[in-house]
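Report on the structure
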Amino acid sequence: MQALDYDLVILGSGIAGMTAAIHASKSLSKSKSIAIISKLHIMRSHSIAAEGGISGVLYPGKNNDSYELHGYDTAKGSDYLADQDAVEMLVKNAPKEIRFFEHLGVPWSRNDSSDIVFRAFGGMSIKRTAFAADKTGFFMMRALYDTITQIENITKYHEHFITKILIKNNKFLGLFGIDLASGEPKLFTAKACIIATGGYSRVFNFTTTSHSATGDGTAIAYRAGIPLKDMEFIQFHPTALVPNGILITEAARGEGGYLKNSKGTRFMEHYAKSVMELAPRDIVSRAIVSEISKGRGIVQEGSMIKHVYLDLRHLGKDKLDERLPMIREITIKSLGIDPVEEQIPVKPAAHFTMGGIHTDINGNVFTGDGKGKILGLWAIGEAGCVSVHGSNRLGSNSLSECSVWGRIAGEAAAKLISKGGQANDNTAKELGEDAEEELNKIIDSGGSTSPYYIKAELQKTMEAHMYVFRNKKGMEEARSRIAGLQAIYSDIFIADKGRVFNTNLRDALEIKNLLDLAGVAVACAINRKESRGAHARVDYKKRDDRHWLKHTIAKQTAKGIEISYMPVVIRKWKPKPRKY
Amino acid sequence: MKESIKMLPMYASMFGVPILMVLAVLSYAFYPIVSTAVLIPLIAIGLLFFGLIGAREVYLHKYTLKGTEIPYNINRTGEAARAIKDEPNGKKKLVIVIKRFDVSLRKMVVNKYEVGIDRFTTVLDILLHIKSKTDNTLSIRYSCRMGICGSCGMVINGRPMLACETNVLKNAVDDKIEVAPMQAHPLLKDLVDDFDDFFDKHISISPYLYKRDKNEQYLAKKEYKQTQAEIEEFLPYSYCIMCGLCMDACPVVNTNPDFIGPQPLSQVYRYYADSRDEMGDARIEKVDVLEGLWSCEYAGACSKVCPKGVDPATAIQLLKATAMGNLIK
């Protein structure tokens, strides 16, 4: 086991992680060291697939837009489950981050007088989403990576898989994992750690996310006794390409695209008459699934999947090439369909997990009892839950969230480190040795079940019972099925016994993470007896503010998942019926 | 016509320098008949010639860029489109041949599998299917499966391509498709390459927006001025996803590992052409060396294989022209 010591380790290299690294390095003296660890090559994290844009009121007053209005839209979009102090923080800081990324080289689309231009997004009452064609996440990631290459005290650990977070007496000590390229176990000790490992949408097979979106940071934190928040809320993006689930950005509708059923009708007029296709994602997803279940879907030849159409034909070739070139590229390359001439087959797919590690407004992670904070540990972006999205995120708010809390956590960690602090004792090393032993057990496991079987079964279960509409019976079934899969996980077989780039082992570890997180999501969903945002139950159709205007907190105990609740921070925007 | 103008810098760099050298040798041989008084103007004229070509190329580049309306090769995708749509539905069987690097034997081994596919199946789909069902030990690097993360570059039927973007039916020959790892990067395992050298080369060209006022850059109080027209100058070169396919396709990279290669050079141009950047000609001076710009022989393979429509070959010629132009400035 190789032992490495840093002042700050950042786990995850998406937009949140890399932003945190840059701001931490800026606030620290050059003698302080930062490590950024990713299970992928650092510039390939899933943030790279973000398409539509980043929200922020860049020119307050212009077009009658204001922070206040952005905040209201976000709170309403969240179905009032967002903590409104966090929402205020988001809307106030987002514009600064758009400018920051402009200064790092992102080519935001602009007009003739070189002002940044905006596009419409679902649930946003005014155009306030800045974009770089339909590759916004890609350009932000490249700008961040390229910026990091010039910062000398940031060490990049490509393709390192972390299996355990080491905490003792509510103090962060280090991370343990393996270098995938060599198979060598490594112990990273540090004064502070920022978890930015993204979401866990891969508990579904039909998802817009990368294969890597397995919520590893969230899962290892959960197993370390850290509470998770609002795990039942999983966002389904209305327009994922059928059959492969690739994201067709909401900007396609923001630029004027229509959703049509088999009769050619724009069915959204029955569900959200005032905003039509630009309703928030939960509403549009439910509308599509309802249309399909009422027999107004279309069956795709070959895959036999039922879907609806996204119609962009009236936008014209020039607009598509200027504003949505990647959408055109993706549909042509994967389906042979040119959106200039034909409609795109789409249906809702798992896209974003609102829940995550329970943190305070600064991203500082709570302790198991929920009373204090863990010293030196932050969780940001999709991995954490501050909570700014509540039960349903508005499109383009996630890139703002990642960059805003990337900065906050980076600077907070730097502050802690600058204070000086504890010398490393032997505890981390001992815990690291335990972690190595656990890992070796998995490597040597000589069972009979293929981890890929467990993954396929898990995804099948989640798709059957935890999709857009949920009910008690289905979710109970999912719970017992997942418990069964967790039991047979102890009997897995890892065929690859080599050390070099052993993706068989990595997959098995990811599947363990998915299983645990899916189990928590299902348990939290069964408990919440109402419909709110992305959590829609056919047996409890109404939102119930009297009983359920509260965050779910779940943590692992010896007896299983322990669920408790905590109040939502409501300030300016009082809950009222959510109509569009 | 346009093509031939595009080729001018290549001819100039191929023939111009040798001609000058021959002239120099001749004048030396016939000294004092041809004196230094003749030699110096000759060289000056030669350099002026390159400078003019450079200026013209930059001008033409600006002109042609506006004609490039789609950042990807529509012809290739268009073909693929027709193929996918014409294919009948339902499953079909074909053979995939996987040439993989065996870590313990330290050599390439070949596996063949018969797999069922439909008209949507990509090469990555097949490989993941084999990994989960038939051979758990197969290693592939992959993530986004939508052609943007740049992980799954490999050689498919002899051509460097992204596995996730490659439709199997369209690319199969005689119901067979063959995959192998890229050879221009060191091999790690099976279809996975080691990218450390590749990243080092990228980092060596200072691939970031350079501002003299670093403090202001981080504070970002106000946007830098930049019009959409100025963005278009570098935009086509900013689509690079760092998949490494161009390096694998480049004949020079494959024979001379010291050549920095098309990917980093295209990124030199990406930042050089950005009106916000303040590093200026220092960017070009860094790569104005034999193993930099001047090892490029303009084979153009890099631009042909780029899955995102980046055109490193043109970027390099533009850099050469600018370097030449700077010489006589």
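Residues numbered from 1 in each chain as written. Chains lettered and ligands numbered in written order. Predicted model: local features only at pLDDT ≥ 70, side-chain atom pairs only at ≥ 80, totals over all residues. Heavy atoms only, no water.

**Some thoughts on the domain arrangement of chain B**
All names here are of chain B. Looking at the assigned domains, one finds that chain B contains domain 1 (2-60), domain 2 (92-192) and domain 3 (195-328). Here the C-alpha centroids of domain 2 and domain 3 sit 30 Å apart. Facing 18 residues of domain 2, the contacting portion of domain 3 comprises 17 residues. Of the roughly 1,300 Å² buried at the junction of domain 2 and domain 3 (both faces included), carbon and sulfur atoms supply 61%. The largest contributions to the domain 2 side of the interface with domain 3 come from Pro160, Ala184 and His185, which together make up 37% of the buried area. Between Glu165 and Lys308 there is a salt bridge, with its nearest N and O atoms 2.8 Å apart. (Domains from an automatic or database assignment. Contact = heavy atoms within 4.5 Å. Buried area = accessible area lost by both parts, 1.4 Å probe. Salt bridge = Lys/Arg side-chain N within 4 Å of Asp/Glu carboxyl O.)

**Here we look at the side chain of Ser398 of chain A**
Mapped onto the elements, Ser398 of chain A comes out in helix H10 (residues 397-418). Among all residues touching Ser398 of chain A, those that are not within four sequence positions of it are Phe352, His389 and Arg393 of chain A. (Helix = DSSP H or I, 4+ residues; strand = E, 2+ residues; numbered from the N terminus.)

**Some thoughts on the environment of Thr155 of chain A**
Residue and element names in this part refer to chain A. Positionally, Thr155 belongs in strand S6 (residues 154-157). Separated by 137 residues in the primary sequence, Thr155 and Ile292 have C-alpha atoms spaced 50 Å apart. Not counting chain neighbours up to four residues away, the residues in contact with Thr155 comprise Tyr6, Ile34, Ala35 and Ile36.

**A word on the nonpolar core**
Of all hydrophobic cores here, the largest spans 176 residues; its most connected members are Trp108 and Trp405 of chain A together with Ile96 and Leu127 of chain B. Of the residues forming this core, the biggest block, 10 residues, is contributed by H10 of chain A. There are two domains that each give this core at least three residues, and those are domain 2 (92-192) and domain 3 (195-328) of chain B. Excluding residues within four positions of it along the chain, Trp108 of chain A makes contact with Ile54, Ile98, Phe101, Glu102, Ile116, Ala130, Phe131, Ala132, Thr136 and Met140 of chain A together with Gln228 and Ile231 of chain B. Counting 72 residues, the second-largest nonpolar core is a separate cluster that includes Leu175, Tyr467, Ile511 and Cys524 of chain A. (Core = buried A, V, L, I, M, F, W, Y, C linked by side-chain atoms within 4.5 Å. Buried < 20%, exposed > 50% of the residue type's maximum accessible area, 1.4 Å probe, protein only.)

**Here we look at the interface of chain A and chain B**
On the side of chain B, 71 residues touch chain A, which itself brings 79 residues to the contact. Note on chain A versus chain B: buried area summed over both sides is about 6,400 Å², and carbon and sulfur give 56% of it. Among the residues chain A hides against chain B, the three largest losses belong to Arg44, His103 and Lys333 of chain A. Together they make up 13% of the total. The tally of links between chain A and chain B comes to 37 residue pairs in polar contact (both at pLDDT 80 or more). Where the side of chain A that touches chain B is concerned, the elements lending two or more residues are helix H1 (15-27), helix H3 (84-104), helix H4 (136-148), helix H8 (317-323), helix H9 (325-335) and helix H14 (503-527) of chain A. In the side of chain A that touches chain B, the residues fall into 28 nonpolar, 27 polar and 24 charged. (Polar contact = N/O pair within 3.5 Å; in protein donor to acceptor, adjacent residues only side chain to side chain. Nonpolar A, V, L, I, M, F, W, Y, C, P; charged D, E, K, R; others polar.)

**Examining the sheet that holds strand S23 (residues 560-567) of chain A**
Backbone-to-backbone hydrogen bonds pair the strands of a sheet. The strands run either parallel or antiparallel. Residue and element names in this part refer to chain A. The mixed open sheet is built from five strands, whose spatial order is S19-S16-S10-S22-S23. A strand with exactly one partner marks an edge of an open sheet, and here the two such strands are strand S19 (384-385) and S23. When strand S10 (residues 228-229) meets strand S16 (residues 356-358), the two strands line up antiparallel, connected through two bridges. Residue pairing in the sheet places Lys229 in a bridge with Gly356 of S16. (Pairing = 2+ DSSP bridges.)

**A look at a negative patch on the surface**
Taken together, the side chains of Asp425, Glu430, Asp434 and Glu437 of chain A present a region of like negative charge at the surface. Summarising the element assignment, Asp434 of chain A is placed in helix H11 (residues 427-444). (Patch = residues over 30% accessible without salt bridge, like charges linked within 9 Å, V, L, I, M, F, W, Y side chains within 5 Å. Areas by Shrake-Rupley, 256 points an atom, 1.4 Å probe, with all protein chains shown as cover. Lys, Arg positive; Asp, Glu negative; His and termini not counted. Charge placed at Lys NZ, Arg CZ, Asp CG, Glu CD.)

**Re the pattern of salt bridges**
Residue and element names in this part refer to chain A. Scanning the entire structure with this criterion turns up 63 salt bridges over all chains. Residue Asp216 pairs with Lys39 through a salt bridge whose shortest N-O separation is 2.7 Å. You can see Asp216 sitting in helix H5 (residues 216-223) and its partner Lys39 sitting in the loop between strand S2 (34-37) and strand S3 (54-55), a full 177 residues away along the chain. For the pair shown, Asp216 and Lys39 are each scored as buried. With a shortest N-O distance of 3.1 Å, Glu457 and Lys460 are connected by a salt bridge.

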